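Coordinate inspection notes
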Amino acid sequence: MPAPIRLRELIRTIRTARTQAEEREMIQKECAAIRSSFREEDNTYRCRNVAKLLYMHMLGYPAHFGQLECLKLIASQKFTDKRIGYLGAMLLLDERQDVHLLMTNCIKNDLNHSTQYVQGLALCTLGCMGSSEMCRDLAGEVEKLLKTSNSYLRKKVTLCAVHVIRKVPELMEMFLPATKNLLSEKNHGECELVPQLVRILKNLIMSGYSPEHDVSGISDPFLQVRILRLLRILGKSDDDSSEAMNDILAQVATNTETSKNVGNAILYETVLTIMDIKSESGLRVLAINILGRFLLNNDKNIRYVALTSLLKTVQTDHNAVQRHRSTIVDCLKDLDVSIKRRAMELSFALVNGNNIRGMMKELLYFLDSCDPEFKADCASGVFLAAEKYAPSKRWHIDTIMRVLTTAGSYVRDDSVPNLIQLITNSVEMHAYTVQRLYKALLDDISQQPLVQVASWCIGEYGDLLVSGQCEEEEPIQVTEDEVLDVLEGLLVSNLSAAVTRGYSLTAIMKLSTRFSGVNRIKKVVSIYGSSIDVELQQRAVEYNALFKKYDHMRPALLERMPIMEKSASNGPTEIVQTNGETEPSVVDSKHPPPVSQPANQVGALLHLFLNLDLHDTFGMRSNSFDLFFRANPNPNVAVITIHASNSTEADMTDFVFQAAVPKVSRPNPAQIIKCLCFEVLIHGFGVFCVGLQCDFLFSLRMRIKLTYTLKGSPVQDLAEVNNFPPQSWQ
Amino acid sequence: MPMRFLLLFSRQGKLRLQKWFTPLTDREKKKVIRDVMALVLARPPRSCNFLHWRDIKVVYKRYASLYFCTGLEDQDNELLTLEVLHRYVELLDKYFGNVCELDIIFNFEKAYYILDEFLMGGEVLETSKVAVSVSMENADTLQETMEEYMNRPAF
């Protein structure tokens, strides 16, 4: 068999391949040749073959059949063989494979070899990829070697020992005495665990020692940084050590030359150390000022590093970081993507009540011009900051409008209910808000979150819009038909998502109690009763039913939403009810389809609130429920609208609502005609309507029974309502 | 403080050197290489040398046609790592004399040997440039003596 081709030859040949397929062919041929050569157990060329295999491995081809050959090379006496063998072991083997354990004996022998370079090879392999078993087996040998007088070896042994300890922490005690001796060495490579670090560091900075360790005029920066790192570990939770280091840290911080990257690297490490140990406040301010100076540096890397570090310290040293706020905000305009992101995060962390107006201006400008990948996070950040620190309601609404119109499509879906709640609670701004949202809709209907919020508001406050009541700005002239045109436009537009269509249909329906022209709305609703979209169809059918059979309930159901208390976001619970028998007039509600609450939604489900509308409302509390009633008199039937909410922190499921009135022998006994429950609205408000036929409500007692599952166990709440106000029933 | 890995690759995405300081399976290694290469090669020319990938910081620097790329843990000093990469390039330059990518392609095993004299277990082993050159020279001599004796190149 001819001698296998040389490595360089192979490399040259493979590089001439013009396509991937050609390369693969060459490689396969060569692999076959190598495999047969291995089978022949040829010692002379094994080294060459393994070297070639390693090259092919780097190109991405499988090379596992060479693993055992590497072991044979390691066991050989020739230095060349060992070199390639160990290299192959490091590349092809890893500690997860049992094969590597076969190396242990070879390494052990080589650790005691007469040639220091062979020992070096063994140490290197052990130190890079030794598994915990190997380390345990060979720890003794390593420890023995620590005492060697050979400086070349000692460095390798030390780092190898570090690896051993990392893998097998229990062996640490074995190495402790040896490390103490390493301390007093003049040689640079071994100062690992050192109490005299301070002295050594001082010497390093002061003297112009050793040109071979020099980098751009700074003596041995690698060592300096290593010492600083060690100081950081030692001083982390130790007051005394921290105090001992204060001077030297200040000295390094002020004396280090910062014209090149090296100096800045050392400064950076110093800053990190100062922030981590228990340093005095003066030193911390010095550190933050260094970071502030970094922010003004021309070098992008240094600016990035500064922003990252400031982000870590902004919680603890908030005031010191605030001083650099304007520089940080300038970084928002940087061209580099990583820097912009850091600057954005840091800016949000720095927003507070004092600087909110200025900061928000900058952040909104950033939102306008930034890349799409930032917009979602920025928008959420703006909402959060605005909620916490808004100086006025008008400013808050304006900010929300600005975000919705500029980055509307990037706003997160869960912001929509939050925004709606916010708008509802800003009672005096309703007219202004709806007007602005309407104008925004006229411009652009493509951004779904904006459209959803706008439709909801128009549905709620359409009457204010049409009557032109706005105080904050010039009221616009809008007719009912124009508003309905816009909403209907949303229903038919291709740009609207299914959810958006749902919003606009409901909005149109709500306007039936706010606008005078109901016929148009009736028509729209009946058309969508045969819509292909199931959700729309269901809504339309229900609304149709409302028009036809329960028209007397319509005003109550569609009236203005009251102020919602802030509760954690939660999902609606669907409750369906049926009519019950007249005796004893218990109306049952069917079991709700158990809507499992997503695990991350905490707390309150149904929130009952008092509708503070005149004197026809009253309320009562049960153990964990708040119930408020609003009676709505009607010549034939009294409609009691009940809004339910959960006043506990836990979730409620399997909610069942039952109402009963006692059968009293009077000419017209009280009867519950109908009990309806409508889909729970945003933030889990339950709205139930009890249609009651009775002419003596003022002395009526109604029993309410609520059963639900709270925290896993079923609960029953009984309540009696007997304070129906008399005046509403005249 | 250790590095997790060190990669050298060309602008066309060809790997020229891979050194791993943590145990990973072959599949995981391939994934890391693929992802990190894609991220680094996509960076615009004058951007910052640091980026974030999963839970590690990636530090990279381009020297002529080769990207030197390393992965660090959160605690590590990125600015110093740039110096480490630079020192490695200097060592290669000193050994090969005006090093270029072809040198590393045809003598990849030497590149690994130099790296092993400079770093171990992801930490800086030898901070003296002279010491590294001296060890390489001596080791090479040891190898060549063998070759002369055998009267043919080893590989």
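Residues numbered from 1 in each chain as written. Chains lettered and ligands numbered in written order. Predicted model: local features only at pLDDT ≥ 70, side-chain atom pairs only at ≥ 80, totals over all residues. Heavy atoms only, no water.

If you look chain B up in an unreviewed UniProt entry, it shows as AP complex subunit sigma from Gasterosteus aculeatus aculeatus. Reading the Subunit (unreviewed entry) entry of the UniProt record for chain B gives the comment "Adaptor protein complex 1 (AP-1) is a heterotetramer composed of two large adaptins (gamma-type subunit AP1G1 and beta-type subunit AP1B1), a medium adaptin (mu-type subunit AP1M1 or AP1M2) and a small adaptin (sigma-type subunit AP1S1 or AP1S2 or AP1S3)." Here chain B is described in UniProt, under the heading Sequence similarities (unreviewed entry), as follows: "Belongs to the adaptor complexes small subunit family." (UniProt positions renumbered as here; feature names shortened; annotations may be inferred.)

Chain A is annotated in an unreviewed UniProt entry as AP-1 complex subunit gamma from Gasterosteus aculeatus aculeatus. Taken directly from UniProt, the Sequence similarities (unreviewed entry) text for chain A runs: "Belongs to the adaptor complexes large subunit family."

Broken down by element type, chain A carries 30 helices and eleven strands. A total of 730 residues make up chain A; the buried ones form 56% of that total. By sequence separation, contacts in chain A at least 24 residues apart represent 67% of the contacts at least 6 residues apart. (Helix = DSSP H or I, 4+ residues; strand = E, 2+ residues; numbered from the N terminus. Buried < 20%, exposed > 50% of the residue type's maximum accessible area, 1.4 Å probe, protein only. Contact = heavy atoms within 4.5 Å.)

So, on to unusual backbone geometry. Of note, the phi angle at Glu41(A) is positive, near 55°, even though the residue is not glycine. Here Glu41(A) is to be found in the loop between α2 (20–39) and α3 (43–59). The phi dihedral of Arg54(B) is positive, around 50°, even though this residue is not glycine. Turning to its location among the elements, Arg54(B) is positioned in the loop between β3 (50–53) and β4 (56–63). Exposure remark for Arg54(B): the relative accessible area of 54% places this residue in the exposed category.

Residue and element names in this part refer to chain B. Taken together, the five strands give an open sheet; going across it, the order is β2-β1-β5-β4-β3, and neighbouring strands pair in antiparallel fashion. The open sheet has two free edges, formed respectively by β2 (15–20) and β3, since each of these has just one partner strand. Geometrically, the sheet is characterised by an average inter-axis angle of 20° between neighbouring strands, direction not taken into account. Bridging between β4 and strand β5 (residues 66–72) involves seven bridges; their strand directions are antiparallel. Each residue of the ladder has a partner; that of Tyr60, found in β5, is Cys69. (Pairing = 2+ DSSP bridges. Axes fitted to C-alpha atoms, helices over the stretch in contact; angles between N-to-C directions.)

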